Amino acid sequence: MDPVDELRPPDRLLMGPGPSETHPRVLRAFGTPPVGHLDPAFIDVMDDTQRLLRSTFRTDNRWTIPVSGTGSAAMEAAIANLVEPGDTAVVPSNGYFGDRMAEMVRRAGGTAEPVDAPWGEPLDPADVRTACAEYDPDVVGVVHAETSTGVLQPSMPAIADAVHDHDALLLVDCVTSLGGVEFRADEWDVDAAYAGAQKCLSCPPGASPLTVGEAAAAKIRNRETPVRSWYLDLSELDAYWGEDRSYHHTAPINNVYGLREALRLVDEEGIETRWARHERYGEALGEGLWALGLEPVVDAGARLPSLTTARLPAGLDPGTVVERMRDAYDVEIATGLGTFANEAVRVGCMGHGARRGPVLETLGALGETLVDFGVDVDPGAGVAAAVTSLREE
Ligand SMILES: Cc1ncc(COP(=O)(O)O)c(C=O)c1O
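Residues numbered from 1 in each chain as written. Predicted model: local features only at pLDDT ≥ 70, side-chain atom pairs only at ≥ 80, totals over all residues. Heavy atoms only, no water.

A short note on the state of the cysteines
Scanning all chains against the criterion turns up 0 disulfides. Looking at the unpaired C200, the closest cysteine sulfur is the one in C349, lying at 8.6 Å. C200 gets classed as buried once you look at its relative accessible area, which sits at 0%. Of all cysteine sulfurs in the structure, the one in C200 sits closest to C203, which takes part in no disulfide; the separation is 13 Å. (Disulfide = S-S within 2.5 Å. Buried < 20%, exposed > 50% of the residue type's maximum accessible area, 1.4 Å probe, protein only.)

What follows is the structure, given as structure tokens:
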């Protein structure tokens, strides 16, 4: 076999829909030598991680854990446990991740019914209420931050009221909001929520936050059939993450180290300050994009600070722009998805990337890329507009 070279990934600035820039302290935590998953020293790490997760989710839920795996594992843990064969779940149809929820509901033996809204728009709580009346669901899923479109779902308390008036449970995907965009699990009456590490928490993927409230835990405890996934069965996982601390599977020790450090950073900064930082730099990024001649896909009231979807000037192919940004300027952004795949790009502003340097570097690289492709624009216009936005606040 030919020798395999030493690993030397390119030095990219990660400003796409995730993974985001990793904080150096998180990287150092990943490099800490592992101990055993039942070592008392690791049990302390587990306790810290759960405590920090609760404060980041703004919840007192006992069942609050990092699920081993990426955001989809936490998503599947939530759905596989909350949905029993024969159950109905109402899920949104306004983005890619609502479709993934629907697929997981079907695989759990349930029926998925939609709340309709066009891609690029949030759900209307009145439509959630109508869907509850029509389908009488056991569970209603909502994507708080739709990474495929850049839509932030406003009116979460009104949605929770609609769901609870029908005695259903509210499950929320906050993969692209947790730790960066206002999210209040208990105050908003959310029954279960899951997230990912590699977005606003700025931690490499692999251990993913999940919280489950008392009503949802009661449904899980009273299931008539066992959860179809052994690995993600929360009643089994409770043996490890609950009081007993006994073996279920070998936790990804270094992922938990990294997540703990990422959550410590949230705690040090203060969650509300962090939400404000994401808004400030998300706003500056947007101003820069519009100054370069891109156009917002999402209306101002539902725009996600952590991810902006922007239409390119006519005639530009998003894939080609993304490639040039990567290959010539070492900046990762992404193309649009679904409805917007051929017309828009998605630019992230998450965690350690939601800062002056990364935002200005991204706008500078995009300005140059547009000029490289013959667009008649001042390549520094985006940077200038972002700087003005930042100085106004
Ligand atoms: C809103 C949303 N939900 C779920 C996921 C799935 O997470 P992962 O890719 O970490 O499995 C993602 C990933 O981008 C996401 O953005």
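Section: the sheet that holds strand β9 (residues 192-194)
One open sheet accounts for 7 strands, arranged β2-β10-β9-β8-β5-β3-β4; its pairing is mixed. What marks the edges here is a single partner per strand, and that holds for β2 (63-68) and β4 (111-115). Along the sheet, successive strands turn relative to each other by an average axial angle of 20°, direction set aside. Here strand β3 (residues 88-92) runs beside β4; their pairing, made up of 5 bridges, is parallel. Of the residues in β4, the one forming a bridge with A89 is A112. Relative to the sheet, helix α7 (residues 214-221) contacts β2, β8 (169-173) and β10 (207-212), its axis offset from that of β10 by approximately 95°. Most of the contacts of helix α8 (residues 234-241) go to β2, to which it runs at about 95°, and overall it touches β2 and β10. (Pairing = 2+ DSSP bridges. Helix = DSSP H or I, 4+ residues; strand = E, 2+ residues; numbered from the N terminus. Axes fitted to C-alpha atoms, helices over the stretch in contact; angles between N-to-C directions. Contact = heavy atoms within 4.5 Å.)

Examining helix α6 (residues 156-165)
Within the span of α6, buried status applies to M156, I159, A160, A162 and V163. For α6, the buried positions fall inside an angular range of 160° around the axis, keeping them on one side. Buried-residue contacts for α6 involve α5 (125-135), β5 (139-143) and β8. Count one or two residues on from α6 and you reach D167, which has phi positive near 55°. (Arc of directions from axis to C-beta.)

Things to note about the environment of D317
The residue D317 is located in the loop between β12 (307-311) and α11 (318-329) in this model. Of note is the side chain of D317, whose polar atom sits 2.5 Å from the side chain of T320. (Polar contact = N/O pair within 3.5 Å; in protein donor to acceptor, adjacent residues only side chain to side chain.)

Describing the site of the ligand
In the vicinity of the ligand, the contacting residues are T70, G71, S72, F97, R100, A145, T147, D173, V175, T176, Q198 and K199. At a separation of 2.9 Å, an oxygen atom of the ligand approaches a polar backbone atom of G71. For the ligand, a nitrogen atom lies 2.6 Å from a polar atom in the side chain of D173. When the ligand is considered free in solution it has 380 Å² of accessible area, and contact with the protein chains removes 87% of it. Going through the elements one at a time, α3 (71-82) and α4 (96-107) are the ones with two or more residues in the shell around the ligand. Partitioning the shell around the ligand into residue classes produces 3 nonpolar, 6 polar and 3 charged. (Near = heavy atom within 4 Å. Areas by Shrake-Rupley, 256 points an atom, 1.4 Å probe, with all protein chains shown as cover. Nonpolar A, V, L, I, M, F, W, Y, C, P; charged D, E, K, R; others polar.)

As for the domain arrangement of the chain
Structurally, the chain comprises domain 1 (24-268) and domain 2 (271-392). Each of domain 1 and domain 2 was reduced to a C-alpha centroid, and the two centroids are 28 Å apart. Between domain 1 and domain 2, the residue contacts involve 29 residues of the former and 23 residues of the latter. Approximately 2,100 Å² of surface area, both sides summed, lies buried where domain 1 meets domain 2, with 64% of it carried by carbon and sulfur atoms. In this assembly, domain 1 and domain 2 are joined by 2 salt bridges. Here domain 1 and domain 2 share 9 residue pairs in polar contact (both at pLDDT 80 or more) between them. Among the secondary structure elements, those contributing two or more residues to the side of domain 1 that touches domain 2 are β6 (145-146), β7 (151-152) and α9 (253-269). (Domains from an automatic or database assignment. Buried area = accessible area lost by both parts, 1.4 Å probe. Salt bridge = Lys/Arg side-chain N within 4 Å of Asp/Glu carboxyl O.)

A closer look at the packing of α11 against helix α12 (residues 356-372)
α12 packs onto α11 with a crossing angle of 115° between their chain directions and a minimal axis gap of 10 Å. In terms of axis orientation, α11 runs roughly perpendicular to α12. Where α11 crosses over α12, the two elements pack in a sense that is right-handed. Packed against α11, whose contacting residues are V321, R324, M325 and Y329, the element α12 presents T362, A365, L366, E368, T369 and D372 at the interface. Across the contact of α11 with α12, the residue classes tally to 5 nonpolar, 2 polar and 3 charged. (Parallel < 35°, antiparallel > 145°, perpendicular 65-115°, else oblique. Left-handed = near helix turned anticlockwise from the far one by under 90°.)

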